[in-house]
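Results of the structural survey
Residues per chain, in single letters:
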Amino acid sequence: MNAQLTLFSTNSLPYISWRPVPCSLALSNIPAGTANVNLLLSNNGPAGGGKVIFSLTENGAYSDTLQLTAGVAPVSFFVAGKYGSPSSNDKDTVILVADAATHAVVGQLELMIRVRKDANKLSDAERDRFVQAFGILNSSGKFQPFRDMHVQTSLAEAHGNYGFLPWHRAYLLDLERQLQAIIPSVTLPYWKFDTPAPNIFTLAFMGISGNLGNVQFTDAHPFRTWKTDTDVGIIRTPKFQTATEKASEVVRNDSQTIAISNQFVQFTAMEGDPHGSAHNSFNGSISNPATAPKDPLFYLLHTNVDRLWARWQSQYKRTDLASTATYPFLGAAGTPGSIRIGHNLKDTLWPWNNVHTPPRPNFPPPGNGMPGSPEVPAPGISPRLADMIDYQGKHDARAYLGFDYDNIPYEQ
Ligand SMILES: [Cu+2]
């Protein structure tokens, strides 16, 4: 007797996060005369690996094991990463299927609970995979569009306005998917800038600044030859002791940021502090919005900004697309009560929409739209701002963007 487990519609190694996803199980080679078989599903991965939880229904109670009765017809149930037990490596999470009566193993599925993690707490292997994928992306020329879309002439699409957080969520998702196309187990790590980060500002990771601001790396580090325009190298001088101090200009810590307000309009004050303050805790390209993406540290900083928004959304349940507490401009540009195009819920986001007629930036949009994901259908090649809100798919499973944070659970 054999059990075949299928997550999503693909046969490739599955990646999941905290959000439950459907799984189906089909039995084959059932002994003659047997109608139904009682099965027990459990975790059987290596010590320290990721873990899953199961439920027969999406919104039911989840537990570490699942009893299931299966026959020749496939049965469906739900699987989610167990909060607090993410993976560190491919295939370090194993679902075991056993015959409940005989305990004979009839099938298994290897997967990864892939979530965005605190960069300061990554294993050496996680850190090295991230910098390697990022280095390959840059040297292949595919990072250049990220540099080109975040320049002076496009700032109004993404800054100083309500769409700041959603636009940057799309920007990060695009980058993360391109990194995952190189090394699928990679996620974007975040720099929690309200605490010291002795393991981020190292020669092996984001580098140590020399006397002239030139960031130094280990000999084999992919960022040694980092280049996003004609300048080779990264210029960055921290105004604080990176190993022992938080980012010097950051005033609001994590909980103070969440406590700004339970309304999105007021919460956008976080674009100034802590977001702008984190940028301004350095001299160098990262302190100027038009040049900040020249420094790969930008993406760790912005992943933390996105995490703060996600934590805020979780705290106040702000994923309902019909509520102005979630996002204040619910319509499309040009309709009553709307603001500049690109900052309303129903507007498409530049440059993924491939539009370059004013008031959109008056130059050809870089890139080729939003890359797809082998795991989830959202958000499509030309996302709307609305597609960036419900990233866990709480209101609509099809909205799930395929990422999660290590310290933000999925809660209905
Ligand atoms: Cu920006």
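Residues numbered from 1 in each chain as written. Predicted model: local features only at pLDDT ≥ 70, side-chain atom pairs only at ≥ 80, totals over all residues.

1. Topic: helix α4 (residues 164–182)
The criterion, for reference: Starting at the N terminus, helices and strands are each numbered in turn, a helix being any DSSP run of H or I of at least four residues and a strand any DSSP run of E of at least two. One less than the residue count of a helix, multiplied by 1.5 Å, gives the span that helix is expected to have. Between the buried cut of 20 or more and the exposed cut of 12 or fewer other C-beta atoms within 10 Å of a residue's own C-beta lies the partly exposed class, and all C-beta atoms are placed from the backbone.
Given a rise of 1.5 Å per residue, 19 residues ought to cover 27 Å, and the 28 Å separating the end C-alpha atoms of α4 matches this to within 8%. For α4, the buried fraction is high: 15 of the 19 residues fall into the buried class.

2. Considerations on the domain arrangement of the protein chain
It is common to report an interface's size as the accessible area lost on association of the parts. Threshold: Domain start and stop positions are those given by an automatic or database domain assignment. In this description, a residue-residue contact is defined by the distance between C-beta atoms placed from the backbone, which must lie within 7 Å. Each residue is assigned to one class: nonpolar for Ala, Val, Leu, Ile, Met, Phe, Trp, Tyr, Cys and Pro, charged for Asp, Glu, Lys and Arg, and polar for all the others, Gly among them.
Considered domain by domain, the protein chain is made up of domain 1 (2–113) and domain 2 (119–399). Taken together, the contacts link nine residues of domain 1 with nine residues of domain 2. Split into classes, the residues belonging to the side of domain 1 that touches domain 2 amount to three nonpolar, four polar and two charged.

3. Considering the sheet that holds strand β1 (residues 2–7)
As a general point, the strands of a sheet are linked pairwise by backbone hydrogen bonds and lie either parallel or antiparallel. Threshold: Any two strands with at least two DSSP-identified bridges between them are counted as paired. Angles here are taken between N-to-C directions and fall from 0 to 180 degrees, while the axes themselves are lines fitted to C-alpha atoms, restricted in helices to the stretch in contact.
The four strands lie next to each other as β1-β3-β7-β5, forming an open sheet whose pairing is antiparallel. At either end of the open sheet lies a strand with only one pairing partner, and these are β1 and β5 (52–55). Averaged over all pairs of adjacent strands, the angle between strand axes in this sheet comes to 35°, irrespective of strand direction. Pairing of strand β3 (residues 21–28) with strand β7 (residues 75–81) involves five bridges; the strand directions are antiparallel. Residue Ser24 lies in a different strand from β7, and its bridge partner there is Ser76.

4. Re the sheet that holds strand β6 (residues 66–70)
Read across the open sheet, the five strands follow the order β2-β9-β8-β4-β6; overall the sheet is mixed. Each of the sheet's edge strands pairs with one partner strand only, and the pair in question is β2 (15–16) and β6. When β2 meets strand β9 (residues 105–113), the two strands line up parallel, connected through two bridges. Looking at the pairing, Tyr15 lines up with Met112 of β9.

5. Here's the deal with the nonpolar core
Within soluble globular proteins, side chains that are nonpolar tend to cluster in buried spots. Test applied: Each nonpolar core reported here comprises buried Ala, Val, Leu, Ile, Met, Phe, Trp, Tyr and Cys residues connected via C-beta atoms within 7 Å.
Membership of the largest hydrophobic core comes to 106 residues, with the highest contact counts inside it found for Val79, Val97, Trp191 and Leu300. The biggest single contributor to this core is helix α8 (residues 297–316), with ten residues. Looking at which domains feed residues into this core, each of domain 1 (2–113) and domain 2 (119–399) supplies at least three. The contact partners of Leu300, leaving out residues within four places of it in the chain, are Ala119, Pro189, Tyr190, Trp191, Ile200 and Met206.

6. Remarks on the environment of Asp229
Looking at where Asp229 falls in the secondary structure, it is placed in the loop between β11 (215–216) and β12 (236–238). For Asp229 and Lys294, which are 65 residues apart along the polypeptide, the C-alpha to C-alpha distance reads 8.1 Å.

7. So, the packing of α4 against α8
We count it as follows: In these notes the angle categories are as follows: under 35 degrees is roughly parallel, over 145 is roughly antiparallel, 65 to 115 is roughly perpendicular, and the rest is oblique. Crossing handedness is read from the near helix: turned anticlockwise from the far helix by less than a right angle, it gives a left-handed crossing, and turned clockwise, a right-handed one.
Where α4 meets α8, the axes come as close as 10 Å, and the angle between the chain directions of the two elements is 125°. Taken together, the axis directions place α4 and α8 in an arrangement best described as oblique. Crossing geometry of α4 relative to α8 is assigned as left-handed. Contacts between α4 and α8 involve Leu165, His168, Arg169, Leu172 and Leu175 from the former and Tyr299, His302, Thr303, Val305, Asp306 and Trp309 from the latter.

8. Describing the packing of helix α1 (residues 124–139) against α4
Interhelical geometry of α1 versus α4 gives an angle of 100° and a closest axis separation of 9 Å. Between α1 and α4, the interaxial angle falls into the category roughly perpendicular. The residues of α4 that touch α1, namely those facing Ala133, Phe134, Ile136 and Leu137, are Gln178, Leu179 and Ile182. Of the residues in the contact of α1 with α4, the class split is six nonpolar, one polar and no charged.

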